[in-house]
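Listed below are the residues making up each chain.
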Amino acid sequence: MSVSNDPLLQPYQLKHLTLKNRLMSTAHEPAYSEDGMPKDRYRLYHLEKAKGGIALTMTAGSAIVSHDSPPAFGNLHAYRDEIVPWLKKLADDCHEHSAAVMIQLTHLGRRTGWNKGAWLPVLAPSAIREPAHRAFPKEIEDWDIERIVRDYADAAARMQAAGLDGIEFEAYGHLMDQFWSPATNRREDEFGGSLENRMRFSSMVMEAVRKAVGPEFIVGIRMVADEDWDQGLSREEGVEIARRLTASGKIDFLNIIRGHIDSDAALNEVIPIQGMRTSPHLDFAGEVRAATRFPVFHAARIADVATARHAIAEGKLDMVGMTRAHIADPHIGAKVMRGEEARIRPCVGATYCLDRIYEGGEALCIHNASTGREAELPHQVIKAERPRKAVVVGAGPAGLEAARVLAERGHSVVVLEATGEAGGQVNLLVRNPRRREMIGIVDWRLAELERLGVEIRYGVYAEAEDVLALEPDLVVVATGGMAQVPPLDEGEDLVTSSWDILAGAAKAAGPVLLFDDHGGHAGMSAAEVIAQSGAELEIVSPERFFAPEMGGMNHVPYARAFAKNKVRVTINTRLKSVRRDGNALVAVLGSDFAAAAVEERRVAQVVVEYGTAANADLYLALKPLSRNLGAVDYPALIARRTPLPAKAPDAAFELVRIGDAVASRNIHAAIYDAARYCSLL
């Protein structure tokens with residue numbers, strides 16, 4: 001499809017604002033703020049999307065308008081005057097690349113915790129607790145309402161002063177729609193009961209904001225138009241609210257959401273992850289557009305350009321949100337314009353980004369280490385001053401990324417892989433059918449390496465002499481790790497690894513006890529495969545809760561599978577030993593909290609997950625022969641200088657080891673290792 005007739009690349013006129021194409025990133029809080037301000041890290045994150053061709057980037061998710069909306073997600077502080085110059089710099093920089101910038105404003109209501117920010121009481125239309133954040137809110141009072149309405153107007157005026165192109169209200173699990181929803185509004189005064197009463201607070205806010213910013217400033221709303229819940233806002237009432245808002249003349253666009261987000265399980269339906277339906281609410285958003293005949297934006301797992309193009313071409317949306325997709329690749333627009341759709345780094349639905357946010361971290365993409373690190377690790381790889389010959393050993397995520405970055409820098413690269421295929425541990429995790437999309441991490445890099453002319457030699461279990469025979473200037477050891485067994489008093493030879501289960505080398509034979517002393521996806525994926533096989537299963541963890549290294553978004557599908565298959569979960573318990581008893585195994589369990597507390601389970605199979613042991617033999621063999629003797633100057637690495645000191649200057653090559661070949665970590669750590677080392681070599 002040519003640029004001239006591609007629906008995604010057509011401009012869109014929103015009031016006085018011309019958006020150069022139909023691509024946007026919807027509001028989300030990456031938690032890059034510093035003291036509630038969008039300083040350099042925050043600015044550069046949005047600027048990268050502007051450079052990458054996006055038409056509209058919606059900042060904040062959401063910026064809070066009042067002190068008593070505690071910042072649960074690292075939110076920006078829209079109630080402070082100091083935010084204006086920071087946002088102005090962000091907007092000015094993005095405008096230089098013809099990208100529009102808006103911001104989402106909110107009062108979180110009950111969707112936060114009282115022990116954040118200024119430790120003020122959480123409030124809501126009625127004193128009904130939100131399970132996800134657990135705070136017991138007070139019922140909002142008349143003076144609260146008056147104050148918060150003023151706060152919205154003042155915050156909107158600040159955004160206008162900062163030169164933003166517009167604002168959007170958040171009415172999606174936050175205070176505005178908490179008033180709308182029968183599930184959260186049990187009031188019997190003028191703010192409860194009828195739909196008109198339940199809309200009174202949001203109407204007051206919009207009226208005050210319009211007085212503050214005038215009729216020309218763009219104001220929209222991201223709103224739930226169906227809570228998909230028998231306790232909540234119905235589709236009929238939600239669409240009616242949309243009609244009334246558009247008829248009011250106070251707003252300029254609708255950004256449509258379907259579902260409710262008061263629990264992890266509910267949130268997972270609104271923001272689907274891998275193994276779930278793609279674009280599940282797109283048709284509904286199109287129905288709202290048809291019913292209101294008003295500008296409609298929408299985002300919910302629209303991860304690929306084909307679906308986004310369909311959404312615009314079929315008139316379902318006016319602007320299409322590809323938010324997680326832009327976290328994976330902020331240059332989607334530019335690549336579409338250049339006819340390079342096949343080169344777009346795919347969002348694989350891992351949702352590592354959101355899990356980190358909801359667990360109190362910052363947003364990071366599972367396989368784009370530059371996102372959120374634009375200042376230190378540019379998305380565009382910089383050419384090296386002189387080309388060198390590099391050998392990368394291992395074609396897992398770390399090795400493939402190392403080869404890609406080195407080749408982009410202009411080096412001649414050869415990859416040696418012991419097995420017959422690339423992918424490393426990714427090839428294990430995709431044996432869980434629900435996680436098959438993760439293969440995109442491998443496939444994208446293989447395509448990039450083919451484009452760059454990198455040779456991968458399969459079936460080469462590289463020894464030191466194999467590497468030396470290639471006369472390299474640089475060797476990257478990315479040999480990964482091997483499954484290891486947790487420390488046991490006895491019976492290490494009787495257990496089965498989670499790898500064996502995922503690879504199909506061992507079939508689940510119930511009853512099964514799975515001991516997870518790692519806390520991430522590996523053990524849970526094996527448990528899900530066992531549970532789906534129909535085998536009786538008990539998961540045992542020494543942690544306070546199972547899989548603490550995995551966030552709430554990814555917790556949900558595992559928990560669903562376990563509930564459906566009646567899996568027993570036992571926490572605060574450690575596997576001490578395993579012994580054989582006839583045709584069965586006896587697992588001896590103990591407690592870190594009481595030495596005398598010992599239980600036994602008679603099972604057919606004991607499966608264990610304890611991370612990986614580094615496969616370091618090749619590294620250790622090459623280390624004394626290398627120029628840097630394997631040493632890394634960490635301060636230099638962090639400061640973006642050459643990290644490998646010349647300890648033996650006459651040696652022929654430099655040596656670096658990355659990923660699980662160093663220690664058991666995760667995919668993001670492996671790719672980050674590769675990207676930050678190899679971008680300096």
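Residues numbered from 1 in each chain as written. Predicted model: local features only at pLDDT ≥ 70, side-chain atom pairs only at ≥ 80, totals over all residues. Heavy atoms only, no water.

Focus: the overall build of the protein
Then, number 1: Regarding its fold elements, the protein presents 23 helices and 27 strands.
Then, number 2: Expected size for 681 residues packed as a compact globule is a radius of gyration near 26 Å; at 27 Å, the protein falls within 12% of this value.
Then, number 3: For the C-alpha atoms alone, the extent of the protein along its principal axes is close to 75 × 65 × 45 Å.
Then, number 4: The buried share of the protein, taken over its 681 residues, is 61%.
Then, number 5: Excluding contacts between residues fewer than 6 apart, the proportion of contacts in the protein whose partners are at least 24 apart in sequence is 71%.
Then, number 6: If you sum the accessible surface of the protein, you get close to 26,300 Å²; carbon and sulfur atoms cover 49% of it.
Then, number 7: Across the protein, the 78 positively charged side chains and the 92 negatively charged ones have centroids separated by 2 Å. (Helix = DSSP H or I, 4+ residues; strand = E, 2+ residues; numbered from the N terminus. Rg over C-alpha atoms; globule rule 2.2 N^0.38 Å. Buried < 20%, exposed > 50% of the residue type's maximum accessible area, 1.4 Å probe, protein only. Contact = heavy atoms within 4.5 Å. Areas by Shrake-Rupley, 256 points an atom, 1.4 Å probe, with all protein chains shown as cover. Lys, Arg positive; Asp, Glu negative; His and termini not counted. Charge placed at Lys NZ, Arg CZ, Asp CG, Glu CD.)

A word on the UniProt feature "domain: NADH:flavin oxidoreductase/NADH oxidase N-terminal" (unreviewed entry) in the protein
Then, number 1: Here, the residues flagged by UniProt with the feature "domain: NADH:flavin oxidoreductase/NADH oxidase N-terminal" (unreviewed entry) are residues 8-339.
Then, number 2: Structurally, residues 8-339 comprises 37% helix and 16% strand, and the distance from its first C-alpha atom to its last is 13 Å. (UniProt positions renumbered as here; feature names shortened; annotations may be inferred.)

Some thoughts on the UniProt feature "domain: FAD/NAD(P)-binding" (unreviewed entry) in the protein
Then, number 1: On the UniProt side, "domain: FAD/NAD(P)-binding" (unreviewed entry) is annotated at positions that read residues 389-619 here.
Then, number 2: In the segment residues 389-619, helix accounts for 30% and strand for 28%; the C-alpha atoms at its two ends are 18 Å apart.

Regarding the domain arrangement of the protein
Then, number 1: Partitioning the protein into domains gives domain 1 (12-351), domain 2 (389-480 + 615-645 + 664-679) and domain 3 (483-612).
Then, number 2: Between the C-alpha centres of domain 2 and domain 3 the distance comes to 31 Å.
Then, number 3: Counting from both sides, the interface comprises seven residues of domain 2 and, opposite them, 13 residues of domain 3.
Then, number 4: Counting the surface lost from both domain 2 and domain 3, the interface buries some 980 Å², and carbon and sulfur atoms represent 49% of this.
Then, number 5: Summed over the three residues of domain 2 that lose the most area to domain 3, namely Leu428, Arg434 and Ser664, the buried surface amounts to 49% of that side.
Then, number 6: In this assembly, domain 2 and domain 3 are joined by one salt bridge.
Then, number 7: Joining domain 2 to domain 3, the criterion identifies four residue pairs in polar contact (both at pLDDT 80 or more). (Domains from an automatic or database assignment. Buried area = accessible area lost by both parts, 1.4 Å probe. Salt bridge = Lys/Arg side-chain N within 4 Å of Asp/Glu carboxyl O. Polar contact = N/O pair within 3.5 Å; in protein donor to acceptor, adjacent residues only side chain to side chain.)

Regarding the sheet that holds strand 5 (residues 100-106)
Then, number 1: With parallel pairing, eight strands are arranged side by side around a closed barrel as 3-4-5-8-9-10-11-12. Taking each pair of neighbouring strands and ignoring which way they run, the sheet shows an average axis angle of 25°.
Then, number 2: Across six bridges, strand 4 (residues 56-64) lies against strand 5 in parallel orientation. The partner of Thr59 across the bridge, within strand 5, is Ile103.
Then, number 3: Against the sheet, helix 1 (residues 40-51) engages strand 3 (23-25) and strand 4, with an angle of about 150° to strand 4. (Pairing = 2+ DSSP bridges. Axes fitted to C-alpha atoms, helices over the stretch in contact; angles between N-to-C directions.)

Thoughts on the pattern of salt bridges
Then, number 1: Evaluation of the coordinates by the stated rule reveals 52 salt bridges.
Then, number 2: Between Arg309 and Glu341 there is a salt bridge; the shortest N-O distance is 2.5 Å. Of the two residues, Arg309 is situated in helix 10 (residues 305-313) and Glu341 in the loop between helix 12 (332-337) and helix 13 (352-358); the sequence distance between them amounts to 32 residues.
Then, number 3: On the basis of relative accessibility, which here comes to 34%, the residue Glu341 falls in the partly exposed class.
Then, number 4: The salt bridge partner of Arg574 is Asp592, with a shortest N-O separation of 3.0 Å. Residue Arg574 is found in strand 22 (residues 574-581), and its partner Asp592 is found in the loop between strand 23 (584-590) and strand 24 (598-603); the two are separated by 18 residues along the sequence.
Then, number 5: A residue is classified by how much of its surface remains accessible, and Arg574, at 25% relative accessible area, is partly exposed.
Then, number 6: Three or more residues are tied together by salt bridges with common partners; here these are Arg338, Glu340, Arg343, Glu408, Glu448 and Arg451.

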